[in-house]
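Descriptive structure summary
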Amino acid sequence: MTKPSAFHPLVSWLLFPVYAWQGIAVRLKTERMLPPPAFPVGEIAGKEPAIRLLVLGDSSAAGVGVSDVWQSLCVRLAVHLQGRTGRKIIWRAAGFNSATSGQLRDHVVPNIERGMWTHIVLTTGTNDTKNFHSVARFKGEFGGLLYALKAKWPETSVVWSPVIDFRDVPAMPPLLGRILEGRAGAINAMGERLCRERSAIPAPRLPVEGPEGFSSDGFHASAHGYDAWAKHLVPYVLNLTVREATGREGEENS
């Protein structure tokens, strides 16, 4: 079934009272979930040189939605990277509930151990969108986050995973989903532009295939969702060509 068109970001401001009303209702009835209790650092055996993976971002980077850290985005991505390359993977998740791009820039990046990360994956933009941050504000905060990462780890490959379509999120009422999707489209367009200007890789938007990809709160990913997300990101983390990526997917599906 064809989804209704999203509202233009400017129209969404006119609908702000509807957003506030429906948003409060969703928040009140949505289950508050916590990240897995395990320490968010680990490694998977393999050949040297190791891939040193840092997944930085909001509650998705923290693994909210699953109870076992091995079902989280960071570790599933580490597992698939190891399977793809055979290399040792050292992984670190730095995710925080409700974090925005500005908070990651100002409070998280300065306090992460320097390390020598070879790959950084960013999951940010969702909270900027649902908090009704303007595109100009996102430009300053997300753009500053990219600068901070490249200044601290100049040789690291940085990949950004854009905001998914809010109309596909089960917890979202249809009207609220359309309002937020209009804003997410503008946020994603700016994020992609900034990535290309500042030596980062914008991954394509994660396609949502069905409600099984979401946890019991209807908002965060489930174990199935995180695994699909990780598989989606692998070619961009490894900076593969389209031919390399599609060829390998064909082998795996044969």
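Look up a bit, the structure's there.
Residues numbered from 1 in each chain as written. Predicted model: local features only at pLDDT ≥ 70, side-chain atom pairs only at ≥ 80, totals over all residues. Heavy atoms only, no water.

1. Some points on the side chain of histidine 232
Following the sequence through the fold, histidine 232 ends up in helix 9 (residues 223-237). Residue classification places histidine 232 among the buried positions, given a relative accessible area of 16%. When sequence neighbours within four positions are dropped, the list of residues in contact with histidine 232 reads Pro204, Arg205, Leu206 and Pro207. (Helix = DSSP H or I, 4+ residues; strand = E, 2+ residues; numbered from the N terminus. Buried < 20%, exposed > 50% of the residue type's maximum accessible area, 1.4 Å probe, protein only. Contact = heavy atoms within 4.5 Å.)

2. Digging into the pattern of salt bridges
Under the definition given, this model contains 13 salt bridges. Between lysine 231 and aspartate 227 there is a salt bridge; the shortest N-O distance is 3.5 Å. One end of the pair, lysine 231, and the other, aspartate 227, are both in helix 9, four residues apart, so they sit about a helical turn from each other. A single salt-bridge network, built from bridges that share partners, covers Lys3, Asp165, Arg167 and Asp168. (Salt bridge = Lys/Arg side-chain N within 4 Å of Asp/Glu carboxyl O.)

3. Observations regarding the packing of helix 4 (residues 73-85) against helix 9
In contact at an axis separation of 8 Å, helix 4 and helix 9 are set at 50° when each is read in the N-to-C sense. By the criterion of interaxial angle, the relationship of helix 4 to helix 9 is oblique. Between helix 4 and helix 9 the crossing geometry is right-handed. Residue-level contacts link Leu73, Arg76, Leu77, His80, Leu81 and Arg84 of helix 4 to Tyr226, Asp227, Trp229, Ala230, Lys231, Leu233, Val234 and Val237 of helix 9. Taken together, the residues that form the contact of helix 4 with helix 9 break down as nine nonpolar, one polar and four charged. (Axes fitted to C-alpha atoms, helices over the stretch in contact; angles between N-to-C directions. Parallel < 35°, antiparallel > 145°, perpendicular 65-115°, else oblique. Left-handed = near helix turned anticlockwise from the far one by under 90°. Nonpolar A, V, L, I, M, F, W, Y, C, P; charged D, E, K, R; others polar.)

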